[in-house]
Amino acid sequence: MTGTRRLYLETLGCSKNLVDSEALLNLLPDGRFVPVADPLSADLIVLNTCGFIEAAREENVERLLALVAVKRETGARLAVIGCLSQRYARTLAEEVPEIDLLAGVCQQAELAGALTELGAAAGAPRSLVPASPRISFAGCLGRPLLTPPHLAYVKVSEGCSRACAFCAIPAIRGPYRSRTPADIEAEVRELAERGVGEINLISQDTAAYGRDSGEDLPGLVRRLARVAGPHWLRLFYLHPALVDLPGLLDIFAQPRVAPYLDLPIQHASDPVLARMRRGHDRARLAALLGGLRRERPDLCLRTTVMVGHPGETAVDFAALLDFLAEHPFDKLGAFVFSAEEGTPAAAMPDAVPAELAAERLERLQLQQMEISAERHAALVGRVLGCFVEALAGVGDGLPPGRGVDPLADGPFPNARAALRTERDAYEVDGHLFLDDAGELSLGQYVEAEVLAADVYDLRGRLANTPDRH
Ligand code: SF4
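Every value quoted in this text rests on a predicted model; they were computed, and no experiment measured them.

Enquirer: Explain the overall build of the protein to me, and be specific about the residues and the numbers.
Expert: Assigned secondary structure in the protein consists of 13 helices and 19 strands. The globule rule puts the C-alpha radius of gyration for 469 residues at 23 Å, and the 22 Å found for the protein is close to it. Dimensions of the protein, computed from the C-alpha atoms along their principal axes, are close to 65 × 60 × 45 Å. Residue burial in the protein is summarised as follows: out of 469 residues, 57% are buried.

Enquirer: Give me the lowdown on the packing of aromatic side chains, citing residues and values where you can.
Expert: Here the distance between the centres and the angle between the planes together describe a pair of aromatic rings. Using the criterion set out here, one finds 6 aromatic pairs in the structure. Pairing W232 with F387 gives two aromatic rings, centres 4.8 Å apart and planes at 80°, and the pair type is edge-to-face. In this pair, W232 is assigned in strand β11 (residues 232-235) and F387 in strand β15 (residues 383-391), connecting sequence segments 155 residues apart. Across this residue pair, the class does not change: W232 and F387 are buried. On the basis of an interplanar angle of 75° and a centroid distance of 6.0 Å, the ring pair of W232 and Y445 is categorised as edge-to-face. With W232 in strand β11 and Y445 in strand β18 (residues 445-453), this residue pair connects regions lying 213 residues apart in the sequence. Of the two residues, W232 and Y445, neither departs from the other in class, the shared state being buried. One aromatic cluster is present, built from ring pairs that chain together W232, F387 and Y445.

Enquirer: Go over the sheet that holds β11, please, and point to the residues and values.
Expert: Strand order across the open sheet formed by 6 strands is β7-β10-β11-β12-β13-β14, with parallel pairing between neighbours. Where the open sheet ends on each side, the last strands, each with one partner, are β7 (151-155) and β14 (331-336). On average, adjacent strands in this sheet sit at an angle of 20° to one another, irrespective of strand direction. Sitting on the sheet, helix α6 (residues 181-193) is in contact with β7 and β10 (198-202), with an inclination near 170° to β7.

Enquirer: Provide a residue-level description of the domain arrangement of the protein, including the pertinent values.
Expert: Taken as a whole, the protein is organised into domain 1 (5-127), domain 2 (151-372) and domain 3 (383-462). Taken residue by residue, the interface counts 17 residues in domain 1 and 14 residues in domain 2. Interface area, domain 1 with domain 2, both sides summed: about 1400 Å², of which 61% is carbon and sulfur. When residues of domain 1 are sorted by the area they lose upon contact with domain 2, K16, F52 and R87 head the list and together hold 40% of the total.

Enquirer: So what's going on with the packing of helix α8 (residues 245-252) against helix α10 (residues 282-295)? Which residues, and what values?
Expert: Contact pair α8 / α10: the axes reach a minimum separation of 10 Å and the direction vectors enclose 35°. Note on packing geometry: the crossing formed by α8 with α10 is right-handed. Touching L245, L248 and L249 of α8 are L288, G291, L292, R294 and E295, all from α10. For the contact of α8 with α10, the residue count by class is 5 nonpolar, 1 polar and 2 charged.

Enquirer: Provide a residue-level description of a nonpolar patch on the surface, including the pertinent values.
Expert: A contiguous nonpolar surface patch, about 300 Å² in accessible area, is contributed by L366, M369 and Y456. Checked against the element boundaries, Y456 lands in the loop between β18 and β19 (458-462).

Enquirer: Outline the side chain of T343, listing residues and values.
Expert: Here T343 is to be found in the loop between β14 and α12 (354-377). In this structure, T343 is in contact with A165, F166, C167 and A168, ignoring residues within four places of it in sequence.

Enquirer: Describe the nonpolar core, listing the residues and the values that go with them.
Expert: The biggest cluster of nonpolar side chains holds 53 residues, and the ones touching the most others in it are L238 and L364. Those residues in contact with L238 that lie beyond four places of it in its chain are T206, A207, L217, V243, L248, L261, D262, L263 and P264. Among the nonpolar cores identified, the runner-up in size contains 20 residues, and V70, Y88, A89 and V129 belong to it.

Enquirer: Tell me about the sheet that holds β18, and please be specific about residues and values.
Expert: Strands sit in the order β15-β16-β17-β19-β18 around a closed barrel of 5 strands; the barrel is mixed. Across this sheet, the average inter-strand angle for adjacent strands is 50°, counted without regard to direction. Bridge analysis of strand β17 (residues 432-434) against β19 gives 3 bridges, and the strand direction is parallel. Directly across from L434, in β19, lies its bridge partner G460.

Enquirer: Describe the environment of E447, and please don't skip the residues or the numbers.
Expert: Residue placement: E447 occurs in strand β18. E447 sits 62 residues away from G385 along the chain, and the two C-alpha atoms are 4.6 Å apart.

Enquirer: Outline empty space enclosed by the protein, supporting the account with residue identities and numerical values.
Expert: Overall, the coordinates contain 1 cavity of 30 Å³ or more when judged by the stated rule. By volume, the largest cavity amounts to about 70 Å³. D20, S21, L24, N48, I81, G82, G104, V105, C106, Q107, Q108 and L111 are the residues that line the largest cavity. If you list the elements that add at least two residues to the lining of the largest cavity, you get α1 (15-27), β4 (77-82) and α4 (108-117). Of the residues contributing to the lining of the largest cavity, the split by class is 5 nonpolar, 6 polar and 1 charged.

Enquirer: Tell me about the pattern of salt bridges, and please be specific about residues and values.
Expert: One pass over the structure, following the stated rule, counts 34 salt bridges. Linking D100 and R77 is a salt bridge whose minimum nitrogen-to-oxygen distance equals 2.6 Å. With a gap of 23 residues between them, D100 in the loop between α3 (83-95) and β5 (101-102) and R77 in strand β4 connect regions that are remote in the sequence. Salt bridges sharing common partners tie together D20, K155, E158 and R173.

Enquirer: Can you tell me about the packing of helix α11 (residues 314-326) against α12, naming the residues and giving the values?
Expert: Between α11 and α12, the shortest axis-to-axis distance is 10 Å and the interhelical angle comes to 10°. By the criterion of interaxial angle, the relationship of α11 to α12 is roughly parallel. As α11 packs across α12, the resulting crossing turns out to be right-handed. Listed contacts from α12 to A314, F317, L320, L321, L324 and A325 of α11 are R360, R363, L364, Q367 and I371.

Cut-offs used in this document
Residues numbered from 1 in each chain as written. Predicted model: local features only at pLDDT ≥ 70, side-chain atom pairs only at ≥ 80, totals over all residues. Heavy atoms only, no water. Helix = DSSP H or I, 4+ residues; strand = E, 2+ residues; numbered from the N terminus. Rg over C-alpha atoms; globule rule 2.2 N^0.38 Å. Buried < 20%, exposed > 50% of the residue type's maximum accessible area, 1.4 Å probe, protein only. Phe/Tyr/Trp six-rings, centres within 6.5 Å; stacked < 30°, edge-to-face > 60°. Pairing = 2+ DSSP bridges. Axes fitted to C-alpha atoms, helices over the stretch in contact; angles between N-to-C directions. Contact = heavy atoms within 4.5 Å. Domains from an automatic or database assignment. Buried area = accessible area lost by both parts, 1.4 Å probe. Left-handed = near helix turned anticlockwise from the far one by under 90°. Nonpolar A, V, L, I, M, F, W, Y, C, P; charged D, E, K, R; others polar. Patch = residues over 30% accessible without salt bridge, like charges linked within 9 Å, V, L, I, M, F, W, Y side chains within 5 Å. Areas by Shrake-Rupley, 256 points an atom, 1.4 Å probe, with all protein chains shown as cover. Salt bridge = Lys/Arg side-chain N within 4 Å of Asp/Glu carboxyl O. Core = buried A, V, L, I, M, F, W, Y, C linked by side-chain atoms within 4.5 Å. 1 Å grid on protein atoms, 1.4 Å probe; cavity = no way out; pocket = protein on both sides within 12 Å on 5 of 7 lines; lining within 4 Å. Points joined across faces, edges and corners; volume = space filled by probe spheres on them. Parallel < 35°, antiparallel > 145°, perpendicular 65-115°, else oblique.

This is how it looks when you write it as structure tokens:
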């Protein structure tokens, strides 16, 4: 098919998927595709999917069927890519014959070719999905960003070689593969030259970086911290079994590293940690967190926990609550166990009734709200580095449907600006709101003093003259 095609690309799921979408856009031949923000005006619709737990699959299938309805109306071609296709290509092809093309994860190079060739003729869905997941970083360097221009996600690796009992990600994304430090540095340098002020280092298991290639994470961070330009390097998904206190302190001693650590613990009761096959016990967590709080009390600690894992008793749950009270996290995401097909946990006995799991989730979230409020209140009077993420009358600067405007949907409707502090991750955490925005511009780096706090958000004022980042 010749001429320029109007492309609607929608990305569901995690930041790794977003990077895959950006890499795909980067590999499409110049001048053959023009992005559009509305699927109704597209010749080609591409849905990049997530499929790691039931709830995500339901949301993705619902969105897919909505785009199938658009296709019926407009005659556009429809491609479904990413984790849901990687995991369920055959089912999708059988049950959604309107799909024209299926591709799995990290297939951006093949996909760019296949999308260019995708003709007008309808027929059975064509599938590029390989039996085992591919690992590729093609198209990452120099890619267009789907995030606000002042921040970017950078993959340090792909896949995961751990075997947490509840997790389907290794089966979907494949075994662990680190990128070379040179590749990552080149990408960070190119982004910095483009004015990107925040680099988010992501993977399925960032703490495992280099274990397959003789490198290590502190070494990588030391190297990236020497790249001039970005204000922040932010690290996500550090499995507690693979980090140690000296290594973490080394990382946070580097310039530019945001004082923010995402350390998913999942649980804190030894019997449950064992059933989850997390590879460590409660004592290790306590030593790590105790050491971090002692040596770096300024750090913002985020975690993820799961309730309702098979075998979790009332005693285990109480142990988790006690641990979180004894070792408070600033930010916490909590989920209920989802029995994932093909995972060991899905076949385990002693399932926790859904109602009881939901009740445990609620109790845990209520406890955490008090903890987060207390930790936030302690920030009053502090001056924090921030990026301007939304301005009254301007919004967040992103096309409709992408991003959430914190001013439009936030707790302080009369605020004039929403900033995101060094202690808050994009799209995950809260904001600092200003009543007076002065002459600020989107993506600008400023410093703000915290005047008041609630559970998730802060109020403040500019601390000094804006730094024209
Ligand atoms: S480390 Fe994370 S991605 Fe890997 S198996 Fe465990 S939960 Fe899944």
